[in-house]
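Listed below are the residues making up each chain.
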Amino acid sequence: MSMFDRRYWVVGGIYRDTAFEEMTPDSRSVMGPYRTRTEAESAWRVAADASRSDCMARFSIAEERVR
C-alpha cells in the first residue's frame, strides 16, 4: 500500500467539558482531505495553535483508507 492509498483529515472543535465526550455543535471542524500525514500535521498545528488558550479544544488527525 502506497502513501496515496490513504487520506488524512483534521477533526475536532470545542467540547462541553474536559472529559472530551461531547462537542459543542457550532464548533465542529473537519479539515482536509490531505494526501500525506505531513500535510495533515501542518494543518493540525495551525488548528491547535489557534485554540491554545481554550482548555476544552481538541483536534486530532484521522486516517482514511482509500480503495
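Coordinates for the structure precede this section.
The structure reproduced in this document is the subject of the present report. (Residues numbered from 1 in each chain as written. Predicted model: local features only at pLDDT ≥ 70, side-chain atom pairs only at ≥ 80, totals over all residues. Heavy atoms only, no water.)

### Some words on the sheet that holds strand β1 (residues 6–14)
- Pairing is antiparallel in the open sheet, where three strands are placed in the order β2-β1-β3. Whereas interior strands pair on both sides, the edge strands pair on one side only; in this sheet they are β2 (29–34) and β3 (57–65). Strand-to-strand twist of the sheet, defined as the mean angle between neighbouring strand axes without regard to direction, takes the value 20 degrees.
- In terms of strand pairing, β1 meets β2 through four bridges, oriented antiparallel. Looking at the pairing, V10 lines up with M31 of β2.
- Against the sheet, helix α1 (residues 37–50) touches β1, β2 and β3, its axis set at about 165 degrees to β3. (Pairing = 2+ DSSP bridges. Helix = DSSP H or I, 4+ residues; strand = E, 2+ residues; numbered from the N terminus. Axes fitted to C-alpha atoms, helices over the stretch in contact; angles between N-to-C directions. Contact = heavy atoms within 4.5 Å.)

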